[in-house]
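# Descriptive analysis of the structure
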Amino acid sequence: MIETSNLTRKFGDVTAVEDLTLHVGEGEVFGFLGPNGAGKTTTIRMLACLISKTSGEARIADYEVGNSADCQKIRKIIGLVPDNVGLYEDLSAYRNLDFYGRLYECSDAQRREQIEYFLKMLELWDVRDRPVRTFSKGMKQKLAIVRALIHDPQILFLDEPTANLDPEFQKTVRDFILELKHEKRTIFLNTHNLDEAQRICDRIGILNTKLVAEGTPEQLMESLEGRKTQVQLQQVTPAVTGAVERLGLLYVVSSGNRLVIDVSDPEKENPGIMEAIVAAGGHIQFITEKHATLEEVYLKLVRDEQ
Amino acid sequence: MKLWKAWVIARKDFSTFRTKRYIIYSLVVVPLLISIGLPILIWLGIGNAPIPPSQLPAVISGLNDVFNAFSFLFVMLAGFLPISIGAYSIVGEKLEKTLEPLLATPTTDGEILLGKVIAAFLPSVSAVYAGAVIFMVLMDAVTSAKLGYVYFPNWTVAVILLITVPLTTILSTEFSVITSARVSDARAAQQFGALIVLPLAAIYLATEIAFVSLTPANLLIISAIILVIDALLFSLSRATFRREEILTKWK
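Residues numbered from 1 in each chain as written. Chains lettered and ligands numbered in written order. Predicted model: local features only at pLDDT ≥ 70, side-chain atom pairs only at ≥ 80, totals over all residues. Heavy atoms only, no water.

### Some remarks on the overall build of chain B
The secondary structure content of chain B amounts to 10 helices and 0 strands. Secondary structure elements of chain B occur, N-terminal to C-terminal, as α-α-α-α-α-α-α-α-α-α. Each of the 251 residues in chain B was classed as buried or not, and the buried ones make up 55%. Looking at chain B alone, contacts between residues at least 24 apart form 87% of all its contacts between residues at least 6 apart. With an accessible surface of roughly 11,100 Å², chain B has 72% of that area assigned to carbon and sulfur atoms. Charge-centre separation for chain B: the mean point of 18 positive side chains lies 8 Å from the mean point of 14 negative side chains. (Helix = DSSP H or I, 4+ residues; strand = E, 2+ residues; numbered from the N terminus. Buried < 20%, exposed > 50% of the residue type's maximum accessible area, 1.4 Å probe, protein only. Contact = heavy atoms within 4.5 Å. Areas by Shrake-Rupley, 256 points an atom, 1.4 Å probe, with all protein chains shown as cover. Lys, Arg positive; Asp, Glu negative; His and termini not counted. Charge placed at Lys NZ, Arg CZ, Asp CG, Glu CD.)

### Section: the pattern of salt bridges
For the structure on display, the rule yields 24 salt bridges over all chains. Its salt-bridge partner being B:Glu100, residue A:Arg45 comes within 3.1 Å of it at the nearest N-O pair. Taken as a pair, A:Arg45 in helix α1 (residues 40-47) and B:Glu100 in helix α4 (residues 99-103) lie in two separate chains rather than in one. The same class applies to A:Arg45 and to B:Glu100, which are both buried. A salt bridge links A:Asp98 to A:Arg111, with the shortest nitrogen-to-oxygen separation between them at 2.8 Å. (Salt bridge = Lys/Arg side-chain N within 4 Å of Asp/Glu carboxyl O.)

### Things to note about the packing of helix α6 (residues 155-182) of chain B against helix α9 (residues 216-240) of chain B
Residue and element names in this part refer to chain B. Two numbers describe how α6 lies on α9: the axes approach to 9 Å, and their chain directions differ by 20°. Viewed along their axes, α6 and α9 adopt a mutual orientation that is roughly parallel. Here α6 runs over α9; the crossing is left-handed. In the contact of α6 with α9, the residues fall into 18 nonpolar, 6 polar and 3 charged. (Axes fitted to C-alpha atoms, helices over the stretch in contact; angles between N-to-C directions. Parallel < 35°, antiparallel > 145°, perpendicular 65-115°, else oblique. Left-handed = near helix turned anticlockwise from the far one by under 90°. Nonpolar A, V, L, I, M, F, W, Y, C, P; charged D, E, K, R; others polar.)

### Observations concerning the interface of chain A and chain B
How large an interface is tends to be reported as the accessible area lost when its parts come together. Each partner contributes residues to the interface: chain A has 27 residues there, and chain B has 28 residues. Both faces considered, chain A and chain B share a buried interface measuring about 2,700 Å² in area, 59% of it formed by carbon and sulfur atoms. On the chain A side of the contact with chain B, A:Leu50, A:Tyr88 and A:Leu103 bury the most area, a combined 23% of that side's loss. Along the contact surface separating chain A from chain B lie 12 residue pairs in polar contact (both at pLDDT 80 or more). Counting residues per element, the ones that place at least two in the side of chain A that touches chain B are β1 (2-11), α2 (68-77) and α3 (93-103) of chain A. Counting residues per element, the side of chain A that touches chain B draws most heavily on α3(A), which supplies 5 residues. Along the lines of polarity and charge, the residues of the side of chain A that touches chain B split into 13 nonpolar, 4 polar and 10 charged. (Buried area = accessible area lost by both parts, 1.4 Å probe. Polar contact = N/O pair within 3.5 Å; in protein donor to acceptor, adjacent residues only side chain to side chain.)

### Topic: the domain arrangement of chain A
For chain A, the assigned domains read domain 1 (2-221) and domain 2 (227-290). A straight line from the C-alpha centre of domain 1 of chain A to that of domain 2 of chain A covers 45 Å. (Domains from an automatic or database assignment.)

### Here we look at the packing of aromatic side chains
The geometry of an aromatic ring pair is captured by the separation of the ring centres together with the interplanar angle, meaning the angle of the planes. According to the stated counting rule, one finds 16 aromatic pairs over all chains in the structure shown. On the basis of an interplanar angle of 50° and a centroid distance of 5.5 Å, the ring pair of A:Phe157 and A:Phe188 is categorised as tilted. Of this pair, A:Phe157 sits in strand β7 (residues 155-159) while A:Phe188 is found in strand β8 (residues 186-191), placing the two residues 31 residues apart along the sequence. Among the residues examined, A:Phe157 registers a relative accessible area of 0% and is labelled buried. Classification of A:Phe188 by relative accessible area gives buried; the value is 0%. Following the ring pairs from residue to residue traces out a cluster consisting of B:Phe67, B:Phe74, B:Phe135, B:Tyr151 and B:Phe152. If you follow A:Arg128 out to its NZ or CZ, it ends over the ring of A:Trp125, 3.9 Å from the centre. Over the ring of B:Trp43 we find B:Lys146, and its NZ or CZ is 4.1 Å from the ring centre. (Phe/Tyr/Trp six-rings, centres within 6.5 Å; stacked < 30°, edge-to-face > 60°. Lys NZ or Arg CZ within 6 Å of the ring centre and 35° of its normal.)

In structure tokens form, the structure reads like this:
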């Protein structure tokens, strides 16, 4: 659905995005993480045909980014929520959406239906005739998302959709994105919010001008330290550690009564580990999988890159 | 180019302008000042003393030259009124951060620019016409009461209002939209846009010192020149409208 190959954008001597190669499949939610100035917004702007690329290639659906005829077609099948909501403050919510619906060439009936459907879904229907300037930040953000959906796009680009929102509105927006995910729309999400990325995204790319890492949240978290099994015992005895050593596994003892064991295939190895510990007289209280948090992975990768 | 899309953009701008007080003031106050102020000046200038019949033809001839020059003020008005609207057109979108979502729609540069031109043209030309009608009615009332004749309408004012004024409004609108797309704040756009009034003011002064006579033929020549400049400016506005520059360089 979205494909880039060595996509690069320079502003004078400054390289904003370098050799970005990625693939986002249909119906996938792809999260783009990165520090300020990492090139996330520039990437979205290139893919949305708002700015040109310096080199490389990018395709949206079957259309080529950079080809002016294709760009008009791309604009019809994508929706964009920029980092600034960019609504006409003096116009009503309904008038804002109706204006964009017309520019996206929606029929009168489609505009009416879409506006009513989404405004009701996001609890903005009752305030549809109020000027947008009277809206709270969260209401504006929701309206900006509806604006991007007014023409029923297959692909949605969201640039920091929950930035500066209070937790309640963040959750509303997040839940709404999950609804869109269930509708099998392809979503490209720029975010600083690691928790949000982990909850919503099927795959994540970490960008720091270059693509530093890419994978599912689980893959990224495993990539830092590998997979580990954490076993909490009543007491860690030499007999128990000896049993683990005999399995040829590396481990560390944590908090006095926890064994953190390196495993490569926990589904296969864990039953054997449990049997060995129990046979050595160990009393197991809990078994959990332990891995680095996405935040740890993100910080390490970004710092290493810097 | 889809003309209906330009109209959609223009209609949205009309709605936005209705909420901008300074735009409403400039569209209402300035035409009213001219259309009511000038007849009052003439009324006071003629005074109440009777004019000897022998001097009447000379007085009427002199007044008619003055009326022609006054009529040309509506051309200057047509150059002045679109500045505040045109200057706000692109800069306003940028200031409200609405340009990025607008440019993300399947709308071409030409459609956006034409929409902006229509949005500045229609209110301005309507305000000029309203002012001109008031001006002519009052002026005729003055000359009829004081001198027993009416001067308006005539061919000179017909050419001015039907040809020169619309072309000048387009000229000013295009110039303002071009400057609006090249500068980053509305005030700078207005200041640059105001430059368009200077050549018109020069023509007005030339009529006042009798260097140029505002005959219908001369007005048609002036209008033809403005028409050529209009066509050049529209091409220039499309060539100089760089969406990428506007998005990335304006802060």
